[in-house]
Amino acid sequence: MHPSLKFVGHRPWALPAGPWVMAQNWEDLLFAHWPVPVDAMRLLVPGELMIDTFEGSAWIGIVAFRMSGVRLRGMPAVPGLSAFPELNVRTYVSARGKPGVWFFSLDAANRVAVEVARAWFHLPYFYARMYARPEAEGIVYSSRRIDRRGRGERLEAKYEPAGECFRALPGTLEHFLTERYCLYAQRPDGAILRSEIHHAAWELQKARARIEINTMVDGLGATVSGKPLLHFAKLQEVVVWTPQTMGLERS
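What you see is a predicted model; the values in this text were computed from it and never measured.

The rules we used
- Residues numbered from 1 in each chain as written.
- Predicted model: local features only at pLDDT ≥ 70, side-chain atom pairs only at ≥ 80, totals over all residues.
- Heavy atoms only, no water.
- Helix = DSSP H or I, 4+ residues; strand = E, 2+ residues; numbered from the N terminus.
- Buried < 20%, exposed > 50% of the residue type's maximum accessible area, 1.4 Å probe, protein only.
- Areas by Shrake-Rupley, 256 points an atom, 1.4 Å probe, with all protein chains shown as cover.
- Lys, Arg positive; Asp, Glu negative; His and termini not counted.
- Charge placed at Lys NZ, Arg CZ, Asp CG, Glu CD.
- Phe/Tyr/Trp six-rings, centres within 6.5 Å; stacked < 30°, edge-to-face > 60°.
- Lys NZ or Arg CZ within 6 Å of the ring centre and 35° of its normal.
- Salt bridge = Lys/Arg side-chain N within 4 Å of Asp/Glu carboxyl O.
- Pairing = 2+ DSSP bridges.
- Patch = residues over 30% accessible without salt bridge, like charges linked within 9 Å, V, L, I, M, F, W, Y side chains within 5 Å.

Colleague: Can you walk me through the overall build of the chain in this structure?
Modeller: A tally of helices and strands in the chain yields three helices and 13 strands. The buried share of the chain, taken over its 251 residues, is 53%. Taken as a whole, the chain presents about 11,900 Å² of accessible surface, with 55% of it coming from carbon and sulfur. Placing the 30 positive and 25 negative side-chain charges of the chain at their respective mean positions leaves the two points 4 Å apart.

Colleague: Help me understand the packing of aromatic side chains, please; the structure alone is not making it clear to me.
Modeller: Aromatic ring pairs are reported here in terms of the distance separating the ring centres and the angle at which the planes meet. Summed over all chains, the structure comprises eight aromatic pairs. Arranged with centres 5.7 Å apart and planes meeting at 55°, the rings of F54 and F176 form a pair that is tilted. Residue F54 is found in the loop between β2 (50-51) and β3 (58-72), and its partner F176 is found in helix α3 (residues 173-178); the two are separated by 122 residues along the sequence. For the pair Y159 and F232, a centre-to-centre distance of 6.4 Å together with 50° between the ring planes defines the contact as tilted. Within this pair, whereas Y159 is found in strand β8 (residues 154-161), its partner F232 is found in strand β12 (residues 229-240), the two being separated by 73 residues in sequence. Among the residues examined, F232 registers a relative accessible area of 3% and is labelled buried. Feature note: the residues W26, F31, F65 and W202 constitute an aromatic cluster, connected by ring pairs. The ring centre of F126 lies 4.0 Å from the NZ or CZ of R145, which sits over that ring. In this arrangement the basic side chain of R180 is found over the ring face of F176, its NZ or CZ atom lying 4.7 Å from the centre.

Colleague: Just checking my understanding: could you explain the pattern of salt bridges for this structure?
Modeller: Any two side chains of opposite charge can pair, given that their charged atoms come close. Scanning the entire structure with this criterion turns up 17 salt bridges. The residue E135 makes a salt bridge to R133 at a minimum N-O spacing of 2.6 Å. Under the relative-accessibility criterion, E135 is labelled partly exposed at 35%. Of the charged contacts, one joins R210 and E212 as a salt bridge, the two residues approaching to 3.2 Å between their closest N and O atoms.

Colleague: Is there a simple way to think about the pairing of strand β11 (residues 205-214) in this case?
Modeller: Looking along a regular strand, one sees side chains alternate from face to face of the sheet. Pairing analysis gives seven bridges linking β8 to β11, with the strands arranged antiparallel. Within β11, the residue paired with E156 across the bridge is I213.

Colleague: Got a minute to help me understand a nonpolar patch on the surface in this structure?
Modeller: A grouping of V78, L81, V112 and V116 is seen on the molecular surface, where their side chains present a nonpolar patch of about 300 Å² in accessible area. Looking at the secondary structure, you find V112 in helix α2 (residues 111-120). The exposure class of V112 is partly exposed, given its relative accessible area of 44%.

Colleague: Looking at this model, I keep getting lost on unusual backbone geometry. Mind explaining?
Modeller: In terms of backbone geometry, most residues other than glycine have negative phi values and most peptide bonds are trans. Located in the positive-phi region is D28, a residue other than glycine, with phi close to 50°. Among the structural elements, D28 can be located in strand β1 (residues 22-36). A positive phi angle, close to 55°, is found at H122, a residue other than glycine. Inspection of the secondary structure puts H122 in the loop between α2 and β6 (125-135).

In structure tokens form, the structure reads like this:
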């Protein structure tokens with residue numbers, strides 16, 4: 001049994017009935033979040049999905065981390081393919097009562113992972129030149145998109161934890177932003193997909209970050225401003241299920 005499946009009581013709905021298909025670890029995560037107008041998000045997200053809000057605002061998140069232990073069910077992790085930096089830009093949506101994540105982009109330093117995720121999960125992955133390494137001042141993180149489908153989007157940052165670990169309580173902003181157990185995507189034919197995921201409840205810490213360059217949202221038609229809300233998480237062990245077609249209609 002995957003280690004994450006020992007802890008299921010925190011989930012907002014039951015585990016999927018079928019077997020998970022992929023396992024992965026997320027390490028040294030920085031969550032950087034900004035509130036944004038709901039109308040701005042509505043223009044960027046398919047109409048079949050409801051924009052989730054907290055106290056009247058939608059949110060854009062930039063999440064930087066390292067992947068490790070990426071493997072298919074029943075298979076070992078393959079050296080050279082199972083560990084790499086990743087970076088995503090996201091907002092928060094719901095469909096049929098299940099709150100999840102909508103990704104505007106995902107960058108990874110692994111060409112194979114990029115193409116597999118695009119074909120299988122229909123997620124907007126891009127290949128990027130990246131590194132994430134621990135140094136005395138914290139995690140030094142660098143990403144520059146070099147995929148021909150991108151526009152050279154960049155993130156340069158240094159970050160570190162800045163407080164004790166805690167679990168977000170239901171009803172709090174931290175819980176709204178992190179405790180989500182599915183992701184949504186859209187096939188080229190317009191159909192909406194949902195992929196279920198599972199992991200233990202997040203062990204979060206407040207974070208400090210110096211974001212030196214951030215052009216990750218420049219091409220979206222939305223803007224972020226002001227100081228972001230920052231959180232850090234050391235490790236999350238995750239399993240993922242095959243995406244399923246939702247059969248939703250536009251609202």
